[in-house]
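Spelled out from the first residue to the last, the chains are:
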Amino acid sequence: MVERAYNPDYVEQTETLFAVSNGFLGIRASFEEGEPSYRPTTLLNGFHETWPIVYPERAHGFASTGQTILPVPDGTTIRLLVDDDPVTCETTEVQEFERALDMRRGVLERSVVYQLVDGRRFRLRTTRFVSLAQRHLACIRYELTALDAPGHLTLSSDLVTRHPAAQEPADDPRRSRVLTGEALAPDVECVEDARVIRTYRTLRSGLVVAAGMDHEFDGNAITYARTKLDADRANVVFDVDARPGQTATLTKWLAYHYDAADATDLSSRAEATLHQARAAGYAAVLAEHEGRIGDFWTRSDVVWEGRPAVQHALRFNLFTIMQAALRSEGHGVPAKGLTGTGYEGHYFWDTEVYVLPFLIHTTPAVARSLLMHRVRMLPYARRRAREVGCAGALFPWRTIIGDEASAYYAAGTAQYHIDADIAYALDQYVRVTGDTDLLFRHGVEVLVETARMWTDLGFFSERRGGRFVIHKVTGPDEYSTVVNNNLFTNLMAAENLRIAADAVDRVRVESPSDYRRMVDRTGLRDGEPATWRRAAEQVYVPYDEQARVHLQDDGFLDQAPWDFAGTPLDRYPLLLHYHPLVIYRHQVIKQADVVLATVLLPDRFTAAQRSGIFDYYDPLTTGDSSLSECIQAIAAADVGKYRSAEEYLFDAAAVDMADTAGNLRDGVHVASAGGSWMALVYGFAGYRWRGQRPQFSPMLPTRTSRLRIPLQIRGSLLEVDIEEHLVTYSLRSGDPVTAQHYGREFTVSATSPASFPGEYRTHDAGPRSADPAAV
């Protein structure tokens, strides 16, 4: 991704777009010169501060402790001074400018030519990366060349702790709370010439961070001058003797470690990271990082032969997931990754529903790590369930440390479906990877406790003919809150209950020792799985006979229609312009809800029912959430509306590159990136994983001549190659795979692909049911 001119009006957006991250450490793309900038930020996954949530009117069970991701000392600045005056894009004439994010290598590069008032010109080249191989390490290579006259210059390499001075506006819930004043208190520091390591403590959360910088430089052109420290800034100053045509090179290493540990220990760990990087050398560290990136693309890249802009957008989405998740071990995936502080760095259901499908099919080890992160949250979820009067475990709607951090229960805690989302993701992981170890040792305990929550929350209603109902919940659509029998919640709860009962039976038979340990931990009673099965089988599914459509909830059709024709475009998203009660009184949808149920649980509906649901609810969906259009793309393809599916796919893929949500400044939309992959794989490859064997019913979008998708299934890497008149399944590695193409079973091995000729070009022709090869 290339920026070919200096664009001061887009600094907010480009700081996000050109950010580099590895899932643990993320650095926004502020200029090395320090200015201009919007929010130069370095973030560590899970590093946060806590604060008391203050309610004018409290009630029992309200979340009490807020959690906000906290920027750490930022080491991106290397200021260039001539005669003690700073040289920046704001103060100096820019003759040339180019910045490029090389997604193939995971490297951000920039080249700028400055011309001073006396006519002298200097070329600055920088290369920046956050290592995938060493997740605590980042690097900036800084190269300065005098183009036509010598100069004596100064470089000031900084490590800066910034303290926000003003509170962010409170009228956009998507933005982060800013903790004003000093949020970090200095602790141990270590200085040795051009190496500086500083440690800081948070004031409330009990975390300590060590931030270190070290430098390597060309002694013929650069001379170390001094190191200066004050409370918030460390400066390492160098003198540069710039000669025409010769390049002076400075390499800046950055290391970050945090924990609730001793500051001296963390300082030693940061020192070790810096020492190992210098000992290996820049070329070797960069090569190891690029090797990890290359491995990712080998197993993950989706090839779209057609419009380059679409391919570009799709790859940016895959790159977004990689940067957000690949080295996240021990943590979750923040909604904005580590590219900004939007949504306060919290983990949501986004991970399980939108991000894990991609990781399960490309990088299952990372998927397992993220599921284990939920397993480690189980004690918090048990406690939260007790706080809201439920048995079992209730996972938080938004969190960093495991405690519920949502202060608005109607669109937070009431989204009980988070439990079922986690159970669904665990089931998908086990089925696709075959990793029963995770299920037997850890997952079954999560399933037991979430199933208990559902049977305690719902009840068998005599008014509904003995059906199992669930009242006062909020589904994915946050424009309808605290409702009775949200269809998505009911069906996902039933799925959770069934998965739990099946898992208990399976562990009992296949791993008696794990079964006994699970019973000891959970106190599982003999009759519980039978109750879960009964609730799953008897779950109430709201349906209106007169309208002949499944209901989003019991009262949805009783609401007034929203005046879409009378709503100006500048009044979207509605949540920023209308009181919640106004929205709640109308048939208007923030994001796919019933439609999402048809995507995640297609076998619970007939093809005709899925088509009717899409026709009814799609016009009511605003797309005010970035989580919606990708799901609408899958649903549209499923019912044969391929042109609509393509438009939704392109909109989803472009949400960040075109800043269609209007909040790119706060970070990328990781879930939408995952959803774009789902739209391609579930929508146009027609992939389904819930049957006995993988199933495909592919169709080729109109704006591509070929689509190639790799999928890792049971340890084997399968490639799906879709052309206009031919679909080919081949095995890149692993054991043979047996799957279905439009219901026709086939097996592929490393030496034996399977091909199906036919007409696979999309056209709007109703739900997919027939094999194009047979038509």
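In what follows, the structure referred to is the one given above.
So, how was this worked out
- Residues numbered from 1 in each chain as written.
- Predicted model: local features only at pLDDT ≥ 70, side-chain atom pairs only at ≥ 80, totals over all residues.
- Heavy atoms only, no water.
- Core = buried A, V, L, I, M, F, W, Y, C linked by side-chain atoms within 4.5 Å.
- Buried < 20%, exposed > 50% of the residue type's maximum accessible area, 1.4 Å probe, protein only.
- Helix = DSSP H or I, 4+ residues; strand = E, 2+ residues; numbered from the N terminus.
- Contact = heavy atoms within 4.5 Å.
- Pairing = 2+ DSSP bridges.
- Expected span 1.5 Å × (residues − 1).
- Phe/Tyr/Trp six-rings, centres within 6.5 Å; stacked < 30°, edge-to-face > 60°.
- Lys NZ or Arg CZ within 6 Å of the ring centre and 35° of its normal.

Draft legend 1. Region of interest: the nonpolar core. Grouped together as the largest cluster of nonpolar side chains are 215 residues, with contacts concentrated most on Trp 349, Tyr 354, Leu 359 and Ile 631. By residue number, the principal contributor to this core is helix 10 (residues 487-510), which donates 13 residues. Ignoring any residue separated from it by four or fewer positions in sequence, one finds Tyr 354 in contact with Trp 349, Leu 596, Leu 627, Cys 630, Ile 631, Ala 671, Gly 674, Gly 675 and Met 678. Of all hydrophobic cores here, the second largest spans 17 residues; its members include Cys 139, Ala 263, Leu 266 and Ala 270.

Draft legend 2. A look at the sheet that holds strand 3 (residues 25-27). The antiparallel open sheet is built from 3 strands, whose spatial order is 2-3-4. The open sheet is flanked by strand 2 (20-21) and strand 4 (42-44), the only strands paired with a single partner. Note: strand 2 against strand 3, 2 bridges, orientation antiparallel. Across the sheet, Ser 21 pairs through a bridge with Gly 26, a residue of strand 3.

Draft legend 3. Representation of the pairing of strand 31 (residues 737-741). The buried fraction of strand 31 amounts to 4 of the 5 residues, a majority that puts the element mostly inside the structure. Examined bridge by bridge, strand 27 (residues 695-696) and strand 31 share 2 bridges and lie parallel to one another. Bridge pairing in strand 31 places Phe 696 opposite His 741.

Draft legend 4. Structural detail: the sheet that holds strand 31. Spatial strand order, 27-31-32: 3 strands in an open sheet with mixed pairing. A strand with exactly one partner marks an edge of an open sheet, and here the two such strands are strand 27 and strand 32 (744-748).

Draft legend 5. Here's a closer look at helix 3 (residues 282-300). The end-to-end C-alpha distance of helix 3 is 27 Å, a good match for the 27 Å that 19 residues give at a rise of 1.5 Å each. Within the span of helix 3, buried status applies to Tyr 282, Val 285, Leu 286, His 289, Ile 293, Phe 296, Trp 297, Arg 299 and Ser 300.

Draft legend 6. Expanded view of the packing of aromatic side chains. Applying the stated criterion across every chain, the model contains 32 aromatic pairs. Aromatic ring contacts, followed pair by pair, group Phe 296, Trp 297, Phe 358, Trp 677, Tyr 682, Tyr 687, Phe 696, Tyr 729, Phe 746 and Phe 756 into a single cluster. The ring of Phe 24 is capped by Arg 135, whose NZ or CZ atom sits 4.4 Å from the centre of that ring. Its guanidinium or amino end placed over the ring of Tyr 282, Arg 141 lies 3.8 Å from that ring's centre, counting from NZ or CZ.

Draft legend 7. Structural context of unusual backbone geometry. In this model, Glu 35 is joined to Pro 36 through a cis peptide bond whose omega is -5°. The residue Pro 36 is located in the loop between strand 3 and strand 4 in this model. For the peptide bond that leads from Tyr 572 to Pro 573, omega is -5°, which places it in the cis range. By the element assignment, Pro 573 lies in the loop between strand 25 (560-561) and helix 13 (580-584). Residue Glu 344 is not a glycine yet carries a positive backbone phi of 60°. Its identity as a non-glycine residue notwithstanding, Val 482 has a phi of 50°, on the positive side. Along the chain, Val 482 turns up in the loop between strand 22 (467-469) and helix 10.

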